[in-house]
Amino acid sequence: MHWNKQLREKNRESMAAVLPITAIVFLLSVTIAPLDPGTLVLFLFGAVLLVLGMGLFTLGVDMSMIPMGEGVGGVLSGCRGILFPIAAYFLLGMLSTMAEPDLQVLAQQVPSIANIVLVLTVAVGVGIFLVIAALRIRLAIPLGRLLLVFYLIVFALAVFAPGNFIPVSFDSGGVTTGPITVPFIMSLGLGIASSRSDKNSASDSFGLVSLCSIGPILSVLLLGILYRPEETAAGLAPLPQVATTAEAAQHFSASFPHYFQEVAVALLPIAGLFLVFQLISRRFRGHELLRVGAGLIYTYLGLVLFLCGVNVGFMPAGQLIGATVAGGPEKWLLVPIGMLIGYYIVKAEPAVAVLTKQVEEVSNGSISHRSMGHALSIGVCLSVGLSMVRVLTGVNILALLLPGYAVALGLTFFVPGIFTGIAFDSGGVASGPMTATFLLPFAQGACQALGGDMMTDAFGIVAMVAMTPLVTIQVMGLSSVVRLHLTRRRLRFHMEQVEDTVLYFD
């Protein structure tokens, strides 16, 4: 009964997140970007699956992934030796990444390098940086210092990488932190930080996602330098032809087996490692294990529904809207339309709900999920707008990433550490399946209609979505510091006035 009540609440939250983007696409389809009836029906069916899937997924994460991650992190951080935890973190990072659905989508769109090579390269990068991130928490190393060093290395390597490979490299950092890895890695950070008792342990629990996003960028840049791919032509997936609602339903039902298998492959490594961990540590008891098991089932079913809805229903709509607007007489409309879609689409990212809830809990409500949501939406709004400018003008992505990361890294010196960790984690969380399966096809459709180079102009939108929240959330943190400083000054001023008044009467 309690679970049913929670599920109803989660479904209401997911409906509030999905309805705005659904309404926007519907309005566009009947005004400036007409969709054929079949594509619109697929989109609406997909929206229903998104609502149901997000509700199940977020409930399942609360019940299973978060307790699992905290338990594993707590036990590993309590180990006396260092070699076993390092091996475990590396294995966790690799296995959870190799099965990430968004990474498989990206690998299929880079024809110059075999899928397995790209996937393994990214997985090794995440594994290494998960080790670095875990050791950072245990040794209390400031996150900003590591971010500055590693991003300097990233941009130094980008100078030597092929130009048409740079957007894919930065995109890989965004797609690897998807709905499977984010809840587990974030809760793993909480578990590791729990072994410390100092005042900064809670804020240091953030940062695992941000560092794990750097690993794939570095490893894929190195892969591009070594492979020197000559041709990386990318094409659009053929759009499904659907004439009736019955055919739309059949199209979804035919796609479900693929996603049942894909999500099972994604969840099994984490579930298997947790089973080994449980057999060794006996951390969880009977009713706790039952709750975790039920949560894994909810997570599995929710992610199947979500991914099927967004891949089958949203991808064709995004591609057609982008192509229609770009092919019309007023191509500049791509920018405001992209910004509007970006503002609302991030609310439908499943891992965003997990992040905002954890931030609110760790900060004891001082950073609300509402303020986090606004900062994320503004960041993604700006990133999609800039990405559409790239599609229209062909400007090099480094011309946007370099100043963006310079500002983000510069802000780390002025904001509290907790805001730095949250901001850099948010970048990876915001660039999830909604970005990969709606915004990327939107950019690809527009790029093809304009006759641009898809590898240099369309790819990179995931990287842009991962970058701008770093700035907007730290600006939110900076504003809170300024407000606190002004409040203290006013209090001091009033106290001085009171003291002067008392002295006067004395």
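Here the structure is shown first, and the text comes after it.
Numbering of residues starts from 1 in every chain and runs along the sequence as written. A pLDDT threshold of at least 70 governs which residues receive local features in this predicted model, and a stricter bar of 80 or more applies before side-chain atom pairs are shown or counted, although totals over entire chains, interfaces and linings include all residues. For side-chain calculations, the full set of non-hydrogen atoms in the structure is used, while hydrogens and water are omitted.

Draft legend 1. The side chain of T97, seen in detail. Segments assigned H or I by DSSP are reported as helices when at least four residues long, segments assigned E as strands when at least two residues long, and all are numbered from the N terminus. Along the chain, T97 falls in helix 3 (residues 83-98). Any residue under 20% of the maximum accessible area for its type is buried, any over 50% is exposed, and the rest in between are partly exposed; the area is computed with a 1.4 Å probe on protein chains only. In this structure T97 comes out as buried when scored by relative accessible area, which is 1%. Contacts were defined at the residue level, with two residues in contact if any of their heavy atoms lie within 4.5 Å. Beyond its immediate chain neighbours, meaning those up to four positions away, T97 contacts L103, V122, A123, V126, T176 and T181.

Draft legend 2. Quick look at the packing of helix 3 against helix 8 (residues 181-193). Note on geometry: axes are lines fitted to C-alpha atoms, helical ones only across the stretch in contact, with angles between N-to-C directions running from 0 to 180 degrees. One can describe the packing of helix 3 onto helix 8 by two numbers: an axis separation of 10 Å at closest approach and a directional angle of 165°. With respect to their mutual orientation, helix 3 and helix 8 come out roughly antiparallel. Both helix 3 and helix 8 take part in a crossing whose hand is right-handed. Across the interface between the two elements, Y89, L92, S96 and T97 from helix 3 touch T181, F184, L188 and I192 from helix 8. Working definition: roughly parallel below 35 degrees, roughly antiparallel above 145 degrees, roughly perpendicular at 65 to 115 degrees, and oblique for all remaining angles. Crossings are assigned a handedness: left-handed for a near helix turned anticlockwise from the far helix by less than a right angle, right-handed for a clockwise turn.

Draft legend 3. Looking closely at the nonpolar core. By nonpolar core we mean a set of buried residues, namely Ala, Val, Leu, Ile, Met, Phe, Trp, Tyr and Cys, connected to one another through side-chain atoms within 4.5 Å. Counting 164 residues, the largest nonpolar core has Y151, F170, I214, F314, I341, M372 and F438 as its most contacted members. Ranked by the residues each element gives to this core, the list is headed by helix 2 (residues 37-77), at 19 residues. Once residues within four sequence positions are removed from consideration, F170 is found in contact with V154, F155, I217, L398, L401, Y405 and A463.

Draft legend 4. Geometry of empty space enclosed by the protein. Here a cavity is any set of points on a 1 Å grid over the protein atoms alone where a 1.4 Å probe fits but cannot get out, and a pocket is any open set with protein on both sides within 12 Å along at least 5 of 7 lines; a residue lines the site when it has an atom within 4 Å of a point. Grid points are joined across faces, edges and corners, and a volume is the space filled by probe spheres set on the points. For the coordinates displayed, the defined rule picks out 2 cavities of 30 Å³ or more. Of the pockets and cavities examined, the largest cavity occupies roughly 90 Å³. In this structure, the largest cavity is lined by 14 residues; those nearest its centre are Y151, S213, I217, Y405 and A466. The set of elements that each furnish at least two residues to the lining of the largest cavity consists of helix 7 (166-175), helix 10 (208-227), helix 17 (417-430) and helix 20 (461-505). The classification used treats Ala, Val, Leu, Ile, Met, Phe, Trp, Tyr, Cys and Pro as nonpolar, Asp, Glu, Lys and Arg as charged, and all other residues, Gly among them, as polar. Class assignment of the residues belonging to the lining of the largest cavity gives a composition of 8 nonpolar, 6 polar and no charged.

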